[in-house]
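Structural features, examined
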Amino acid sequence: MARDAPARFAALASNYEANLLWQSQQIVQNLSRDDQVLTVLRGTEDGRVKLDCSEAFTRTVKPYPSYGTAVLFNLAGNAMCQWDESKQLINVAKREWFKTVVATSAPTLSGYLMSPALHEPIISYAAPVFDVDGTLKGVISLGIRLNWLSAIGQEPGLPNSGEITLLDRYGAVLVSSTGDGEQALDALPAQSSIDSIIRGGARSLEAPGGDGEPRIYAVNALGNNDLFIVFSLPRAAVIDPLLRDLMVQIGILCLVSIAGMMAALLGARHLVTRWTEKLTEAANSMSLGNLFADTELRGAPSEIRQLGENLKAMASRIEHREADLRESLAQKQLMLREIHHRVKNNLQIVTSLLNLYARLPRGDAFKQTFSDLQMRINALALVHRHLYESEDLKEIDLAPFMKNLCALLQDGSGIPSRRVRMTFEFPNLRMIGDRAVPLALLTTEILTNCFKHAVPNLGSGSIKVSMVVAPDGEACLSIIDDGIGPAVREDGDAVSTMGTTLIAAFTRQLGGTISVVGPPGTSTTIRFNVLPLKADHAANADEAFAPDQAAESGAEPDDNRALEAATDRV
């Protein structure tokens with residue numbers, strides 16, 4: 001922990017140098033892509049091209065005063081063009097940094113250099129220049145003035161007691177926040193420690209400085225381990241505040257502990273123990289099933305009284321929860337019985353219909369009859385599906401149910417939607433299953449007639465199914481087609497069929513009335529109440545199928561009574 005702060009300070013102190021190296025990299029990359037630079041390196045003798053190369057260097061580097069020189073060298077170490085042509089440069093083929101770049105084809109930083117052109121110390125940032133085919137053609141060198149690095153250590157946030165030194169790859173001091181000469185060496189550890197930093201990769205250590213004072217050092221390496229920022233703090237400046245804070249915290253903790261133990265010894269029995277014993281008795285009683293055990297704690301501390309109130313409230317919530325669970329269980333059982341009852345009644349309807357149609361003559365009519373029967377069974381199945389999908393298992397959403405039913409009937413009729421177009425308008429309301437079943441069967445009968453008789457001989461047409469509901473529950477179901485109209489006898493009365501008999505029966509079961517108008521087309525309107533029937537209306541609906549209707553429909557009385565009983569119990 002004592003070394004964490006110096007490490008953060010070392011990183012903070014490296015900001016300027018790190019940004020300067022990044023800036024140098026960008027400058028070299030921009031110059032190495034310049035066409036004049038590449039042309040000069042390819043060996044042109046055109047003086048104009050060399051002049052353009054020097055102008056490119058001037059234009060790129062001159063805005064940055066931290067650079068003293070910017071030179072393009074060929075692989076022989078000779079200067080080909082430079083920022084300031086007035087400065088005479090020597091051959092650098094034997095310089096260590098030049099040989100490193102040529103050998104590795106990678107950027108590097110030199111150590112401490114005294115520039116003969118500038119007559120001041122610099123470090124050189126050198127990077128390779130490649131031709132378009134990837135061939136190494138030369139080296140660009142930027143001379144960074146060390147006097148621009150002399151402001152090291154002035155970053156905001158650094159402690160006043162901290163000292164910062166910039167070392168090159170050989171361990172030589174480039175700049176220091178303490179000054180030059182002996183002052184800079186006083187802030188550094190012994191040469192063996194510097195060697196461990198340069199060559200051994202040490203990034204934090206404790207060692208005496210050149211002035212003999214114990215210090216904590218943190219190192220941040222820049223470039224390819226070419227520069228090293230060494231930040232040091234006197235050990236006392238790091239350790240003493242930590243020790244002081246630790247002693248203060250230990251003292252406070254001891255005082256608090258002693259005070260707490262004294263308070264516990266003096267007031268435990270009077271303030272806590274006797275009340276917790278009473279709470280324990282109440283909790284044990286509740287665990288045995290007595291949820292109304294005495295939890296009154298008059299005279300107890302407010303915290304314990306609150307605990308007693310919470311215990312009492314918890315017992316009350318448990319009691320209410322148990323009551324809700326019992327009620328929910330009873331409701332689920334009732335719903336399950338209701339589902340079994342509905343399934344039984346609907347199966348009775350299916351049985352009655354099967355017995356009724358089984359006595360019809362065989363042939364195409366027989367196939368059509370059983371197809372109609374399948375439609376009715378599917379309608380019942382759809383009602384049960386929507387009941388199962390509803391949350392309370394008792395009511396269905398009318399609009400999606402009726403739309404699904406109409407689509408199911410059209411698919412079952414075999415008439416595609418391009419021949420007969422259907423439109424729907426249904427309100428958003430919920431209807432109990434007792435009302436949904438006769439409504440579904442009634443809609444099935446009417447739409448089946450529409451598909452069979454309204455558009456014969458591959459004709460086309462449209463069917464509109466709509467329903468409106470008044471606030472008092474009175475509903476009006478309209479099914480309108482633009483077909484040939486209802487069939488009539490020679491005397492002008494409507495033809496009585498099994499379908500018309502069922503339509504009338506289901507209408508009475510809904511407690512409603514029906515009217516049929518046409519031609520042209522057929523408009524069937526059923527008026528009924530979507531609310532459940534009262535007892536007297538339900539009794540009237542029980543007479544949905546009478547013996548005279550059985551005779552008209554051609555069904556035998558026994559079959560009719562079975563259908564009647566099944567229908568009335570839906």
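Residues numbered from 1 in each chain as written. Predicted model: local features only at pLDDT ≥ 70, side-chain atom pairs only at ≥ 80, totals over all residues. Heavy atoms only, no water.

Here we come to the pairing of strand β1 (residues 67-74). Buried residues dominate β1, accounting for 8 of its 8 residues. For β1 and strand β6 (residues 136-145), the ladder comprises 7 bridges, and the chain directions are antiparallel. Pairing of N74 across the sheet is with G138, part of β6. Where β1 hands over to strand β2 (residues 79-82), the hairpin turn is made up of 4 residues, of which G77 adopts a positive phi near 90°. (Buried < 20%, exposed > 50% of the residue type's maximum accessible area, 1.4 Å probe, protein only. Helix = DSSP H or I, 4+ residues; strand = E, 2+ residues; numbered from the N terminus. Pairing = 2+ DSSP bridges.)

Read across the open sheet, the 5 strands follow the order β8-β7-β11-β10-β9; overall the sheet is antiparallel. Each of the sheet's edge strands pairs with one partner strand only, and the pair in question is β8 (173-176) and β9 (204-208). Between one strand and the next, the sheet's axes are offset by a mean angle of 25°, whatever the strand orientation. Where strand β10 (residues 214-222) and strand β11 (residues 227-234) come together, 8 bridges link them in antiparallel fashion. (Axes fitted to C-alpha atoms, helices over the stretch in contact; angles between N-to-C directions.)

A word on the state of the cysteines. Enumeration according to the criterion identifies 1 disulfide in this entry. Across a sulfur-sulfur distance of 2.0 Å, C53 and C81 are joined as a disulfide pair. On the criterion of sequence distance, the pair formed by C53 in helix α4 (residues 47-61) and C81 in strand β2 is long-range, its members being 28 residues apart. Of the residues examined, C81 reaches a relative accessible area of 1% and is grouped as buried. (Disulfide = S-S within 2.5 Å.)

You will see that H119, though not glycine, has its phi angle at about 60°, which is positive. As for its position among the elements, H119 is in the loop between β4 (113-115) and β5 (120-130). H119 sits in the exposed class, given a relative accessible area of 67%. The phi torsion at N225 lies on the positive side, around 55°, for a residue other than glycine. Its place among the elements puts N225 in the loop between β10 and β11.

If you look at the biggest cluster of nonpolar residues, it comprises 46 residues, and the most contacted ones within it are M431, L447, I463, V465, M467 and F528. Here this core gets 10 residues from one element, more than from any other, and that element is helix α12 (residues 433-454). The residues contacting M467, other than those within four sequence positions of it, are L398, E425, F426, P427, M431, A475, C476, L477, F528 and V530. L20, I27, V129 and L158 belong to the second-largest nonpolar core, a separate cluster that totals 45 residues. (Core = buried A, V, L, I, M, F, W, Y, C linked by side-chain atoms within 4.5 Å. Contact = heavy atoms within 4.5 Å.)

The alternating pattern of β9 places L205 and A207 on a buried face, while none of S204, E206 and P208, on the opposite face, is buried. Sheet analysis places β9 next to β10, joined by 5 bridges and oriented antiparallel. Bridge pairing in β10 places S204 opposite A218. Counted between consecutive antiparallel strands, the loop separating β9 from β10 contains 5 residues, among which G212 sits at a positive phi close to 85°.

Here we take up the pattern of salt bridges. All told, the structure shown has 13 salt bridges when counted by the stated rule. Notably, a salt bridge pairs R326 with E319, separated by 3.8 Å at the nearest N-O pair. It is possible to trace a salt-bridge network through shared partners that takes in E163, D211, E213 and R215. (Salt bridge = Lys/Arg side-chain N within 4 Å of Asp/Glu carboxyl O.)

A word on the packing of aromatic side chains. Taken as a whole and assessed by the stated rule, the structure comprises 6 aromatic pairs. Ring centres of F9 and F231 lie 5.5 Å apart, and the angle between their planes is 50°; this geometry places the pair in the tilted category. Separated by 222 residues along the polypeptide, F9 in helix α1 (residues 4-13) and F231 in strand β11 bring together distant segments of the chain. You can call F231 buried: its relative accessible area is 0%. (Phe/Tyr/Trp six-rings, centres within 6.5 Å; stacked < 30°, edge-to-face > 60°.)

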